[in-house]
Amino acid sequence: MENYNGDEQVRVKAEPKKGKSLWLTSLVSGTVASIVTSSVFVFGGDFIDAEKNTVTESSQTAGAEQTESVEKNKSINTEKLSTSTDSNERADMVESASKSIVGVVNLQEMQNQNPFQQQSTESETVESGTGSGVIYKKDNGKAYIITNNHVIEGAKEVEISLYDGQKATATVVGADALTDLAVLTIDASVAPEGINFGDSDRMRPGEEVLAIGNPLGLDFSRSVTQGIVSATGRSISVDTSDGEWELDVLQTDAAINPGNSGGALINTAGEVIGINSLKISESGVEGLGFAIPSNDVIPIVTELIENGKITRPYLGVSLANTEELPQYYLQNVPEAAKSGVMVTGIETGSAAANGGLKQQDIIVEIDGTKISTSAELRKHLYTEKKIGDKVKVKVYRGNEEKTLTITLQNS
């Protein structure tokens, strides 16, 4: 998916503040009124009272306008100050968080072809793609970095680019294709501190988020884009090197481009609430980006750090969705079997083989849960079951319905 300064000073002309102008007008009005009152006072009686009343009313009106104007300007100035303060706080937060966002360079081996020889004589390591990563924590002299599996998949070497321009060679601790997550380490002495992870379950549609990463390569490192959480609880079908999978994601309209993969989606507190992973890139489609929720990330990352891989229950079969099969395969099966998963291969000695599954069996249920795609089957086994569990698998073998009991094994 990822094969992928000088500061300019701007002079602003100062304009007179409206509040000062209005205050000056009121002051002049008051002075003129006082002169008129003093002058009129010399001439006596009724006229003085009438003029007094007129001048007093005029002064009260001017005073009310002045007070209203001052209060209005106070409100505007307070709003501007609040906006400026919020903007500064956000910039401070982004500046701090960005230090924990790194560039990840996938280096792969390529053979040098000599046009005068039939076989290649040398190989060199070349950049195959770039992505982003997040420094998770520092422990025992190592800095742990989270990124996407597809960013480092197939790499002979992985290089990390830090915020201060330093480069470091990374070690792959573990990777998982289905969840598209990987953990790397570099020497802790060259790395800044890790960034805090927040609770993705608390995010709601409409909440502000920022994406930080390296779109289109390291030339645009630590770019920041702003948006909102567009939806939670989304499930996206993805094809991985380990098969089809339904990936649970947060949806955002913050701009996510090639190279952002593995970077951070953060909330307004500067906490990571998702690892940016993919976007829908089609003509006429904008603002459909997806991040793996932090609450899904942490358990996977923890297991990768502890074990180097994710251990899941294992059937030991190759599968094909029935809707993708040629019609002649389905001519002699019941209607109920036409929305299931066909077994196309079985490993010797696997749980499936020991449990009696056969090639061309069509799986339609596991423990009463309907199964219509291979992604649904994997999701059910990997999230609902554990190694050693016994599961009841309903299959169609031709026209015959069978229920098999299979004990799940270690992958």
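Residues numbered from 1 in each chain as written. Predicted model: local features only at pLDDT ≥ 70, side-chain atom pairs only at ≥ 80, totals over all residues. Heavy atoms only, no water.

### Overview of the pairing of strand β4 (residues 157-161)
We apply this condition: Should DSSP find at least two bridges between two strands, the strands are taken to pair. Runs of E in the DSSP output that reach at least two residues are strands. Runs of H or I that reach at least four are helices, and both are numbered from the N terminus.
Of the pairings in the sheet, the one linking β4 to strand β5 (residues 167-176) comprises 4 bridges and is antiparallel in character. Residue pairing for β5: serine 161 is matched across the bridge by lysine 167. Where β4 folds back onto β5 in an antiparallel hairpin, the turn is made up of 5 residues, including glycine 165, whose phi is positive at roughly 95 degrees.

### Description of unusual backbone geometry
Glycine aside, residues mostly have negative phi, and peptide bonds are mostly found in the trans state. Going by this rule: For the exposure calls, accessible area comes from a 1.4 Å probe over protein chains only, and a residue counts as buried if that area is under 20% of its type's maximum, exposed if over 50%, partly exposed in between.
Positive phi outside glycine occurs at asparagine 140, with the angle close to 50 degrees. Looking at where asparagine 140 falls in the secondary structure, it is placed in the loop between β2 (122-139) and β3 (142-147). A residue is classified by how much of its surface remains accessible, and asparagine 140, at 72% relative accessible area, is exposed.

### Re the packing of aromatic side chains
Just so we agree on the cut-off: Two aromatic rings from Phe, Tyr or Trp, using only the six-membered ring of Trp, form a pair when their centres are within 6.5 Å; if the ring planes differ by under 30 degrees the pair is stacked, by over 60 it is edge-to-face, and anything between is tilted. The rule for a charge over a ring is simple: NZ of Lys or CZ of Arg within 6 Å of the ring centre, and within 35 degrees of the ring normal.
Scanning the model with the defined rule gives 2 aromatic pairs in all. Ring geometry for tyrosine 136 and phenylalanine 197: centres 5.5 Å apart, planes at 85 degrees, overall edge-to-face. Of the two residues, tyrosine 136 is situated in strand β2 and phenylalanine 197 in the loop between β6 (181-187) and β7 (208-213); the sequence distance between them amounts to 61 residues. The residues tyrosine 136 and phenylalanine 197 share a single accessibility class, namely buried. Note that lysine 137 overlies the ring of tyrosine 144, its terminal NZ or CZ placed 5.5 Å from the centroid. Positioned over the ring face of tyrosine 382 is arginine 312, at 5.2 Å from the centre of the ring.

### Structural notes on the side chain of aspartate 389
Put simply, the rule is: Residues adjacent in sequence count toward polar contacts only when both atoms are side-chain atoms; beyond that, a polar contact is any pair of N or O atoms within 3.5 Å, and within protein one must be able to donate a hydrogen and the other to accept it. Contact definition: two residues touch when any of their heavy atoms are within 4.5 Å.
Within the secondary structure layout, aspartate 389 lies in the loop between α6 (374-384) and β18 (390-397). Looking at aspartate 389, its side chain comes within polar contact range of the main-chain nitrogen of lysine 386, at 2.9 Å. Residue contacts for aspartate 389: discarding those within four places in its chain leaves Ile406, Thr407 and Leu408.

### Some thoughts on a negative patch on the surface
Cut-off, in case you're wondering: To count toward a patch, a residue needs a relative accessible area over 30% and no salt bridge; like charges are then connected within 9 Å, while nonpolar side chains (Val, Leu, Ile, Met, Phe, Trp, Tyr) are connected within 5 Å. Here the open area of atoms and residues is found with the Shrake-Rupley method and a 1.4 Å probe, where only the protein chains shown may cover a residue. Any Lys or Arg side-chain nitrogen found within 4 Å of a carboxyl oxygen on Asp or Glu counts as a salt bridge. Charge assignment in this entry is limited to Lys and Arg as positive and Asp and Glu as negative, and neither His nor the chain termini are counted. By convention, charge coordinates are those of NZ in Lys, CZ in Arg, CG in Asp, or CD in Glu.
A grouping of Asp86, Glu89, Asp92 and Glu95 is seen on the molecular surface, where their side chains present a negatively charged patch. In this structure, glutamate 89 sits in helix α2 (residues 45-98).

### Focus on the nonpolar core
Side chains of a nonpolar character, in soluble globular proteins, are inclined to be buried together. Quick reminder of the rule: In this description, a nonpolar core means a group of buried Ala, Val, Leu, Ile, Met, Phe, Trp, Tyr and Cys residues linked to one another through side-chain atoms lying within 4.5 Å.
Counting 32 residues, the largest nonpolar core has Val134, Ile146, Phe197, Ile266, Val272 and Val297 as its most contacted members. The leading source of residues in this core is helix α4 (residues 294-307), at 4 residues. Within the second largest apolar cluster, 17 residues are counted, among which are Val343, Leu357, Ile363 and Ile406.

### Here we look at the pattern of salt bridges
Applying the stated rule across the entire model yields 14 salt bridges. Note that glutamate 207 and arginine 204 form a salt bridge whose closest N and O atoms lie 3.9 Å from each other. Between aspartate 361 and arginine 397 there is a salt bridge; the shortest N-O distance is 2.8 Å. Of this pair, aspartate 361 sits in the loop between α5 (351-355) and β16 (362-366) while arginine 397 sits in strand β18, placing them 36 residues apart in sequence. Look at arginine 397 and you get partly exposed, because its relative accessible area is 25%. Counted as one network, the salt bridges with shared partners bring together Glu365, Lys370, Lys394 and Glu401.

### Here we look at α6
Within the sequence span of α6, burial applies to Ser374, Ala375, Leu377, Arg378, Lys379, His380 and Leu381. The inward-facing, buried residues of α6 abut β9 (243-252), β13 (313-314), β14 (317-321), β15 (341-346), β16 and β17 (369-370).

### Regarding the sheet that holds strand β10 (residues 264-266)
Cut-off, in case you're wondering: Note on geometry: axes are C-alpha line fits, over the in-contact stretch for helices, and angles between N-to-C directions span 0 to 180 degrees.
On the basis of which strands lie adjacent, the closed barrel formed by 6 strands has the order β7-β8-β9-β12-β11-β10 and antiparallel pairing. On average, adjacent strands in this sheet sit at an angle of 50 degrees to one another, irrespective of strand direction.

### Let's talk about the pairing of strand β12 (residues 289-293)
A large share of β12 lies buried, amounting to 5 of its 5 residues. The sheet contact formed by β9 and β12 spans 3 bridges and is antiparallel. Its bridge partner lying in β12, threonine 252 is registered against glycine 289. Note: strand β11 (residues 272-279) against β12, 5 bridges, orientation antiparallel. Bridge pairing in β12 links asparagine 276 to alanine 291.

### Comments concerning the environment of glycine 262
Residue position: glycine 262 is located in the loop between β9 and β10. Remark: the alpha-carbon pair of glycine 262 and valine 134, spanning 128 residues in sequence, is separated by 7.1 Å. Discounting chain neighbours no more than four positions away, the residues touching glycine 262 are Ser132, Gly133, Val134, Ile146, Thr147, Asn148, Ile275 and Asn276.

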